[in-house]
Structures are given as C-alpha cells and as structure tokens.
Amino acid sequence: MVKYFQTGMTLLCGVVMTSLTILMAGCNTKADMEQQVDELYGKMSQEERIAQLKSMYMDDLFDEQGNLDTAKCRELIPYGVGHFSQFCLQQPRNPNELRDRAAAVQDWLIHNTPNGIPALMHEEVLSGVNTVGSTIYPQQIGQACSFNPELAELKTRQTSTALRKMGGIFALSPMVDVCRIPSFNRLEESYGEDGYLSAVMGTAFVKGLQQDDLKKGVGACSKHYLGYGGGGDADEKELMEEILLPHETMIRLAGSKAVMPGYHDVHGTKCVANSEILLDILRDYLGFDGMVVSDYTAIDQIPDLDDVVKKAAAAINGGNDVDFPFGANYQHLQQAIDQGLMKPEVLERAVKDVLRFKFRAGLFDEDAYLYTAGEIVLDSKEERQTAYDIATQSVVLLENNGVLPLKDVKNILLTGPNANSFWAMCGDYTYPAMSYFWKKKEDVPDNPHIVNLLEGMTKSKPEGVNLMYSRGCDWTEEIETKYSELGDERAWEYEILHRKVDSGEKADKAEALRMAKQADVIVAAMGENVMLCGENRDRQTLRLPGKQEQFVEELIKTGKPVVLVMFGGRAQVVSGLAEKCAAVIQAWYPGEEGGDAVADILYGKVSPSAKLSVSYPNMEINEAICYNRSIEKDPRVAWPFGYGLTYTTFEYSNLKTTVTEQGVNLTFEVKNTGKVAADEIAQIYLSPTSTDQPLRPIQLQGFTRVSLKPGESKTVKATLYIEQFGFYSHEGERRWNILPGAYIVKVGASSTDIRLQETVTLNGEPFSMSLREHYFAVCQ
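Residues numbered from 1 in each chain as written. Predicted model: local features only at pLDDT ≥ 70, side-chain atom pairs only at ≥ 80, totals over all residues. Heavy atoms only, no water.

Q: How should I be thinking about the sheet that holds strand 7 (residues 222-225) in this particular structure?
A: Strand pairing in a sheet is mediated by backbone hydrogen bonds. Such pairs are either parallel or antiparallel. Overall, parallel pairing links the 3 strands, which are arranged 7-8-11 in an open sheet. Unpaired on one side and paired on the other, strand 7 and strand 11 (291-292) mark the two borders of the sheet. Inspection of the sheet shows strand 7 paired to strand 8 (residues 258-261) by 3 bridges, in the parallel sense. Within strand 8, the position partnered with Tyr 225 by the bridge is Pro 261. Where helix 10 (residues 245-252) meets the sheet, its contacts fall on strand 7 and strand 8, and the angle it forms with strand 7 comes to roughly 150°. Where helix 11 (residues 275-285) meets the sheet, its contacts fall on strand 7, strand 8 and strand 11, and the angle it forms with strand 7 comes to roughly 135°. (Pairing = 2+ DSSP bridges. Helix = DSSP H or I, 4+ residues; strand = E, 2+ residues; numbered from the N terminus. Contact = heavy atoms within 4.5 Å. Axes fitted to C-alpha atoms, helices over the stretch in contact; angles between N-to-C directions.)

Q: Whenever I open this one, the pattern of salt bridges confuses me. Can you help?
A: When charged atoms on two side chains of opposite charge get close, those side chains can pair. Scanning the model with the defined rule gives 53 salt bridges in all. Residue Arg 772 pairs with Glu 248 through a salt bridge whose shortest N-O separation is 3.7 Å. In this pair, Arg 772 is assigned in the loop between strand 29 (767-769) and strand 30 (778-779) and Glu 248 in helix 10, connecting sequence segments 524 residues apart. Relative accessible area serves as the criterion here: at 2%, Glu 248 is assigned to the buried category. One network of salt bridges, in which partners are shared, links Glu 34, Arg 283, Asp 321, Arg 349, Asp 353 and Arg 356. (Salt bridge = Lys/Arg side-chain N within 4 Å of Asp/Glu carboxyl O. Buried < 20%, exposed > 50% of the residue type's maximum accessible area, 1.4 Å probe, protein only.)

Q: Looking at this structure, I do not really get helix 15 (residues 381-392). What am I missing?
A: Since one α-helical turn is 3.6 residues long, residues separated by three or four positions face the same way. The terminal C-alpha atoms of helix 15, which comprises 12 residues, lie 17 Å apart, in line with the 16 Å expected from a rise of 1.5 Å per residue. Residues Glu 383, Arg 384, Thr 386, Ala 387, Tyr 388, Ile 390, Ala 391 and Thr 392 constitute the buried set of helix 15. Looking at the buried side of helix 15, the elements it contacts are helix 6 (140-144), helix 7 (149-166) and helix 21 (594-603). (Expected span 1.5 Å × (residues − 1).)

Q: Looking at this model, I keep getting lost on the pairing of strand 27 (residues 741-748). Mind explaining?
A: If a strand is regular, its side chains alternate between the two faces of the sheet. Here strand 27 lies mainly inside the structure; 6 of its 8 residues are buried. Alignment of strand 22 (residues 678-688) against strand 27, held across 6 bridges, turns out to be antiparallel. Counterpart to Ile 684 in the pairing with strand 27 is Val 747. Pairing geometry for strand 27 and strand 28 (residues 754-762), over 8 bridges, is antiparallel. Directly across from Gly 741, in strand 28, lies its bridge partner Leu 762.

Q: Would you take a moment to explain the side chain of Thr 203 for this structure?
A: Considering the arrangement of structural elements, one finds Thr 203 in helix 8 (residues 195-210). Residue classification places Thr 203 among the buried residues on the basis of a relative accessible area of 3%. Residues in contact with Thr 203, not counting those within four places in the same chain, are Thr 249, Met 250, Leu 253, Ala 254 and Phe 776.

Q: Can you help me understand the pairing of strand 24 (residues 713-721) in this one?
A: With 9 bridges connecting them, strand 21 (residues 663-672) and strand 24 associate as antiparallel partners. Counted as the bridge partner of Thr 667 is Lys 717 from strand 24. Across 2 bridges, strand 24 lies against strand 30 in antiparallel orientation. Note that in strand 30 the partner of Thr 719 across the bridge is Val 778.

Q: What exactly am I supposed to notice about the packing of aromatic side chains here?
A: What characterises a pair of aromatic rings is the spacing of the ring centres plus the angle enclosed by the ring planes. Per the counting criterion, the structure on display carries 18 aromatic pairs. Consider the rings of Phe 170 and Phe 357, whose centres lie 5.2 Å apart with planes at 65°: the pair is edge-to-face. Here Phe 357 lies in helix 14 (residues 344-360) and Phe 170 lies in strand 6 (residues 170-171), a separation of 187 residues in the sequence. As far as burial versus exposure is concerned, Phe 170 and Phe 357 are alike and both buried. Among the aromatic side chains, those forming a connected cluster through ring pairs are Phe 147, Tyr 196, Tyr 627, Phe 641, Tyr 685, Phe 703 and Phe 776. Just above the ring of Tyr 41 sits the side chain of Arg 49; from NZ or CZ to the centre is 3.9 Å. Its end group placed over the ring of Tyr 41, Lys 352 keeps NZ or CZ at 5.4 Å from the ring centre. (Phe/Tyr/Trp six-rings, centres within 6.5 Å; stacked < 30°, edge-to-face > 60°. Lys NZ or Arg CZ within 6 Å of the ring centre and 35° of its normal.)

Q: For this particular structure, what's the right way to read the sheet that holds strand 6?
A: Strand order across the open sheet formed by 4 strands is 3-4-5-6, with parallel pairing between neighbours. Where the open sheet ends on each side, the last strands, each with one partner, are strand 3 (55-56) and strand 6.

Q: How should the nonpolar core be read in this particular structure?
A: Note on soluble globular proteins: their nonpolar side chains tend to be buried together. Ranked by internal contacts, the top residues of the largest apolar core, which has 105 residues, are Phe 84, Tyr 225, Leu 282, Tyr 652, Leu 666, Phe 668 and Leu 700. Setting aside anything within four residues of it in sequence, one finds Tyr 652 in contact with Phe 668, Glu 669, Val 670, Glu 680, Ile 681, Ala 682, Val 747, Gly 748, Ala 749, Arg 755 and Leu 756. Grouped together as the second largest cluster of nonpolar side chains are 94 residues, Leu 413, Ala 512, Leu 513 and Val 614 included. (Core = buried A, V, L, I, M, F, W, Y, C linked by side-chain atoms within 4.5 Å.)

Laid out in structure tokens, this is it:
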C-alpha cells in the first residue's frame, strides 16, 4: 500500500500500486537501495530510462481550464518523465492549486506509465520559494554579511516545509560560487568572495533545506560547479582549496546529493561536459554519488559540435546526468548509443543516479510524501519574522559621522528611486524578479506584501518627527542594461534585456531639493533594481546608475547631512561621494521586511551588526580580488572584507591558546565599551609565519556572533582543527597536507582590523590525508 494525499481532488489513500509495490518495501540501507535501483533499472525499457533524464514544464500537460489533459500526457510522457522544471513559477497560482496540479500529474505517472515512477518537481529557493505569495527573504549576498548560519538554516527549513507541501521535492539552490569579481552580475546570489564563509553558509542552507531527511525535506543542488563568477580561471591549488570548498562541505557534511555545472569553461571545456571536474574531482575524489543536472540550455551551448546528438553524448560522457529544462538534447541519447558516441554503461550510470535520488527522497516508500493534504498558507508570521531578523543582520553600516541613529531630529527628507519601491527589496530569483524578467510581466502582485523604505520609516518614526518624501530622481534615464549572449540563452532576446523599470511615479528633482532645505537630515535611497543587476544583466559601470550620483551631490550642496542608503546586488563604487555623506549604508536586497529593517536601523531601534562578505572597491574592478591575497591594505578597496560599523564600540582582550592533538583551542574576551546593546562578529584568521608555508597570507577560519549589553563582557571559546592548518597538493594523487611549524592565530573585527594575535606551534611529523574530516572551527 502506498499513500498519496491531496486536497481539492479525489483522495488516493491506500491505492494498490503497480509493479513497483514489491520493489519498494524495506529500502533501509544503502545496500538495499542499490539493489532496488538495480532491480528497477532492469525492469525499465530504454524509452523509460531516457525519460528519467529529461524534464519539461508541468503547464504543458494542462488545458485552458486548468485540468490535466490525459491525451497530452499519453502523447508527451507515455514512458514517464524524470523531472518538472520550475513548477511553481510558470503562472501566479496559489499554493493549493499548485499542489493539486502536482498531485494530478504524480497520480497519472504512478498509474499510467510502465513502472509508475513519480517525477521530481523542482523550483528555485534562493530567497524563499519562487512562487507568488511565498516569503521573500534577503538576498544571499546580504545574508552572508550576517555571518549567521543558524538563521540561514532556519530560513531554508521554513522554505523546505512550504515547498514540500506543494509537491516540490528538489531545489536548484543554493548558489555557492566564490565570487571575487566585483562587477559579476550574479554576485548577489553568492555568499561573497571567501570560500570558508561561503562553505559555512552554504552548508547551513543545505541542512535546513534537506531537514536531515530527504524523505521530508527538499533536496539541495550545489551550483554552479565549479568556479562560476571568476573562480574557473584559478590555479589548481586555489580551485581545490577555496573554490571547491563550499561544494565539498555541502556534499560531505550536509549530504547534498545534486550538483549543477556552470555555463562556463574550466581548462577549456564547458563544465556541463567536463569529465575532469564531474568525474575525476567530483566522483572519484570527493566520492559524490548523487545526481548531476545541467543548467538550463547549458548543453545547447557546448561549442564546436554540429548537432544535438553529439552535444548530448559530450555532456553525458563528461558526467552530466540530466538535461534541463526540456531534455532537448537527451531525447537523442539512443541515437548517440547507436552511433557509438556513448556506451550503454554511461546511460546506466546517469539513470541510476536519478533513481537513487528518488529512492532517497522516499518517492517509492509506502508512505511517500509527495504533497500534503489540507490548506497551505504561505508567508506565516514566523516566516516574516525570520525575514526581518535576517534583514536586520544583513545591512552593513559603512560610514557614520555620528548622524545615526536618527535621534533628536524633527524633519527628515526621504528621497531617491529606491525609497518607495519594492524593487529595492527584491533580488534576482525572487518571484517578482523572475516574473518581471523572464515572463515580462509588468504588474507584479503585492503578495506577499513587501515593505518598502518609505512605509517602514513612516510606521516606525518616533513621535514628533516630520517625514517628508519626494522621489527626486529615477534609477536611470536611459536603458543601461547591456546585451550579451552569456548564461541562460533563453535571455538572449533583445526584448527581454532592452527594458527599464517603470516606477509608476514622477521624479521631481526641484521638489526634492526644496524639501531638502526644510530637512534636518536627508536619507537618500539609491542603487540598482531588477534590470540593473542579475543573471544576464550587466551595466557599463559600478558607479551609481543614471544620474543618481549627481542628484546626491546636489543634496549634499544643501548643507544638510545626507545618509546614503544603497540597495542592490553588488558593491557600488561611491568613492568621491561617500566621503561627503554623513553616513553610508549598504542594504543589498533585504527582502520583504527590508523596509522595516532599514528603518529600525536608521532610527536606532536595532543596532547594525553586519560585516562585509566582499572587499568593497573604491574603483572599477573587473578582475578577481580577495582579502586573502595579502595582509597589506589593497589601495583599490574602500572597505575590507569583514568590516562593518555599529552604534557602539567593542574591546578585545586576553587571547589564550592551547595546542592539542586535534588542533588549537583558544579563548578571548569581547567587551561592549559603548552605551548601546549590539552584536559583534568576532573573526578568527590564520596566517603563516614564513613564505615557505604554502598558505594564504591571511585566511578566515572561524567566526561567532556575540550579543553584548553596554558594559558587558563575554568569553569566546573556539577550536581550530588541525586540518584547518593544511593545504592541497596533487603529486600523483590528490592530498590534504599538514606541516609542523609556527602559525599565527589572529582575532579581529575585520580582515584588516586585527585586535589580538598569538603564534602557535604544531609539533610532530608532516602528514597527509585524502580528504578532511573537519572543515570548520567550533566557536561558542
């Protein structure tokens, strides 16, 4: 007996299944699972096997009235289908309708295909489920600045619970590319420039999403493997030590069972067909036994092959299992076998990888959880609270001459294109952004409600404060989005890229300047929007778009203090402007509660605590930069990695270290020496004592958030494991090596603000291992 539950249709409780029923009992061990995968594969026809490597859009199976068209099912998926692509995004539907559609399709597959194999419904969940009504959390680059993996895990646990109810079993998230090129248009999706921070946050993402049980959680996908966003050009040592690290820890520590190769090349070969990274490194070295799925249209982009059969063979031979989003190339796999371009064993590997994932997700269990019964409600009070908490911890205070928090001011002018717009809050891969960009939908529903900065400042303003508002300027006067044929080729359309966002309100600079003269302080909300940053969206410059900078200059000339608040998906060059402002804030894309979060920081109801996850440039940089290249200040950087101000001050003291067989234990004290309660993000770095040691000059190896009341002190305890002192080598075989000798343990408030340090000595003989057991410091 296998139970499937749904609402709004006939309940399918206790339906006797077809030939699969006998196979699925008692899949409790890896050996059991492998046996059952083998047995099922043996029962499948070649058409069924190839179907498991293909995907499609679920909407193609429904008629205009929203009913499942069984004739289309018999025509399009007579042998089943492995996957459904972005099943929540296609149209704005409530979660119960999405669930009912998923239920109808799964029921048809179970009862009308030869072996009744359910499909994997997948969606994007970078900042929440990519569907109308779902909670919109802050964008990844901002969340990285929180240095809070606990909140990252809570966010994805909430996301996973909601998606699984709707029928989602698999997610094409997170992106854990270590992005070191400040101008990269997808930097916002990443956790920034540091491999260690990206690994900690990405691993937390996976733990929350999968809920330690793929049978009730949602399967994560590590992307874009390997080195998208600039890391693909790294030398082998950097690639294996830093760029690979987030993928490695997600797989080895959190049990991630899916990987998506990037659109780019590594060593001259497209990642989707690159056996070096997909077979040698991923499977042979890391021991990955999961599923590899292509990015959308990536197989189409394999160069120098003149037909789809050869492209399909190149991808599957290279180690890619599944063809997204349509299976356009993999539908020709039988031809590739017939032409001798691939061996049947390669097909067997790919199909079994998909089946294994489905077994792990419990799709063949007697009590398989394909969707839920009962009413599904999105964007709960708890989810909105999590979105708010992350947002308050993601906003970075870069400069402050004392104007913040806004106390004892009577008249405030709020101005700028991002002051009264939800686009200031929503990053790429949120439903509003995906619907606007990919679906060309101009009218984005206010569901969930997105609090903009004007609303947030209005409803939480202190008594007696007069808040004035005038837009003042637009994002841009001309279209600034550059056309380029990079990434997902579905966006290689002039009409998609050749647009600018209509704010729906007039920008009256003269009005704003008149109001400025009446104000005690000016809050200028500037930056990017959905058409100025994101996948396939580039601009000519990293300075503020359009005439925003000129407008801020005019505001400064009024003589009133200007608080510059920047929204967007990457650092924006404001050198020459920031120095004239009374305060500067980088708010990133802070999600549906972003307006409340930024307002509460401005008014001082919350002390900012975020620290930069990137090196913030003071000039245009289109090449990789990273704090760990040198302990000397980089003249191209305005604010360093790990930097961020708050409304108090902290004192570090009393560093003590003890070397053990496992590594180095350390303790130190942090004291709040100011008058405001706040959190400090204490950072632990490791440096070599000699250039002969093959380590970075400085490398983050641990961090912790410390909440302190005024005058309060706390002792931080941490353990750096012995493996964290190691390095990668490849002399015949890949090894992780630890050398005895002296190392410097550093504790600081940023990568350049080191408060304490001590030299520790590892004794004994050099030793090496294949893979590390410990990756992260333990801090408490």
